[in-house]
Amino acid sequence: MNKKIALAMVMGLSLAGSTVALADVPVFMSPVWAQELCTAWNSNATLTDKLGGSWIKNNGGKGYKIMEISDSNYKNVPPVQLEIAAKDGKALCTYGGAVKAKDLNYDYDYKMWATTHDWHHMGSPMTAMMFGRLNFKGPKMEAMENMGPFSEFLKLVKEVPGNDKVAPAA
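Residues numbered from 1 in each chain as written. Predicted model: local features only at pLDDT ≥ 70, side-chain atom pairs only at ≥ 80, totals over all residues. Heavy atoms only, no water.

Caption draft 1: Highlighting the side chain of Gln-81. Along the chain, Gln-81 falls in strand β4 (residues 80-87). Among the polar contacts listed, one links the side chain of Gln-81 to the backbone nitrogen of Lys-100, at a separation of 3.1 Å. Ignoring sequence-local partners within four residues, the contact set of Gln-81 consists of Ala-34, Ile-66, Met-67, Glu-68, Tyr-95, Gly-96, Gly-97, Ala-98, Val-99, Lys-100, Ala-101 and Leu-104. (Helix = DSSP H or I, 4+ residues; strand = E, 2+ residues; numbered from the N terminus. Polar contact = N/O pair within 3.5 Å; in protein donor to acceptor, adjacent residues only side chain to side chain. Contact = heavy atoms within 4.5 Å.)

Right under this line is the structure:
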């Protein structure tokens, strides 16, 4: 998504004769926002192409990986999940929304959490983890080998419009 359009949407500015109010933007880290994140994933060639090889194949035989993300400012709010599956040699997001799978296997699934501020100001994954801005569970060596795509994922988290002025529903 064009950054200027996303910023305008979040700020409630007029675009092409229509006004998008902040209330019309999904709540950050809500299931609806996760659906938008899933759509953005599928529009990002770095994620779909570069993770379409060995990364997506490491899925425990279930055919997909789970990425669970949450905002640590809201400890009583459930996380959201993305399911990433191998489709035609690509790593495509097939589900974004509320948690479906509660038992993650950290040999191939991922869990990430950070504060609202840190999600919106995340730098590189390595720096974010070193300084405690991004908390992470999952296959660490696999993640290290895929820092480029993970940087793209972190960019998407902050680029997908999300109303962070309202707490996600518990």
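Next comes the rest of the account.
Caption draft 2: Representation of the nonpolar core within the structure. Grouped together as the largest cluster of nonpolar side chains are 33 residues, with contacts concentrated most on Trp-41, Trp-55, Met-67, Trp-119 and Phe-153. Of all the elements in the fold, those that place two or more residues in this core are α2 (31-42), α4 (54-57), β3 (64-71), β4, β5 (90-98), β6 (110-114) and α8 (147-159). A total of 6 residues in this core trace back to one element, the largest contributor, which is α2. (Core = buried A, V, L, I, M, F, W, Y, C linked by side-chain atoms within 4.5 Å. Buried < 20%, exposed > 50% of the residue type's maximum accessible area, 1.4 Å probe, protein only.)

Caption draft 3: Up close: empty space enclosed by the protein. Tallying each qualifying case throughout the model produces 2 cavities of 30 Å³ or more. Put simply, the second largest cavity is a space of about 40 Å³. Classifying every residue of the lining of the second largest cavity by side-chain character gives 8 nonpolar, 1 polar and 1 charged. (1 Å grid on protein atoms, 1.4 Å probe; cavity = no way out; pocket = protein on both sides within 12 Å on 5 of 7 lines; lining within 4 Å. Points joined across faces, edges and corners; volume = space filled by probe spheres on them. Nonpolar A, V, L, I, M, F, W, Y, C, P; charged D, E, K, R; others polar.)

Caption draft 4: Focus on α8. In a regular helix each residue adds 1.5 Å, so 13 residues correspond to 18 Å; α8 covers 18 Å between its end C-alpha atoms and thus fits that length. By the burial criterion, the buried members of α8 are Met-147, Pro-149, Phe-150, Glu-152, Phe-153, Leu-154, Leu-156 and Val-157. (Expected span 1.5 Å × (residues − 1).)

Caption draft 5: Region of interest: the side chain of Asn-146. Following the sequence through the fold, Asn-146 ends up in the loop between α7 (140-145) and α8. Other than its neighbours up to four places away in sequence, Asn-146 contacts Lys-50, Leu-51 and Trp-55.

Caption draft 6: Fine view of the environment of Arg-133. Its location among the elements puts Arg-133 in the loop between α6 (125-130) and β7 (135-137). Its relative accessible area of 34% is what places Arg-133 among the partly exposed residues. Linking Arg-133 and Ala-114, residues 19 residues apart in sequence, is a C-alpha distance of 6.0 Å.

Caption draft 7: Region of interest: the confidence of the model for the protein chain. Residues with a pLDDT of 70 or more make up 81% of the protein chain, whose mean pLDDT is 85. This model gives residues 1-19 a pLDDT under 50, and the stretch forms 24 contacts once residues within four places in sequence are excluded. (pLDDT = per-residue confidence, 0-100.)

Caption draft 8: Region of interest: the packing of aromatic side chains. What the rule picks out here adds up to 7 aromatic pairs. With 6.3 Å between their ring centres and 80 degrees between their planes, Trp-55 and Phe-150 make a pair best called edge-to-face. Placement of the pair is Trp-55 in helix α4 and Phe-150 in helix α8, with a sequence separation of 95 residues. In this pair, the class of Trp-55 matches that of Phe-150, namely buried. Three or more aromatic residues joined by ring pairs make a cluster, and in this case those are Trp-41, Trp-55, Tyr-110, Phe-136, Phe-150 and Phe-153. The cationic tip of Lys-100 hangs over the ring face of Tyr-95; the distance from NZ or CZ to the ring centre is 4.2 Å. (Phe/Tyr/Trp six-rings, centres within 6.5 Å; stacked < 30°, edge-to-face > 60°. Lys NZ or Arg CZ within 6 Å of the ring centre and 35° of its normal.)

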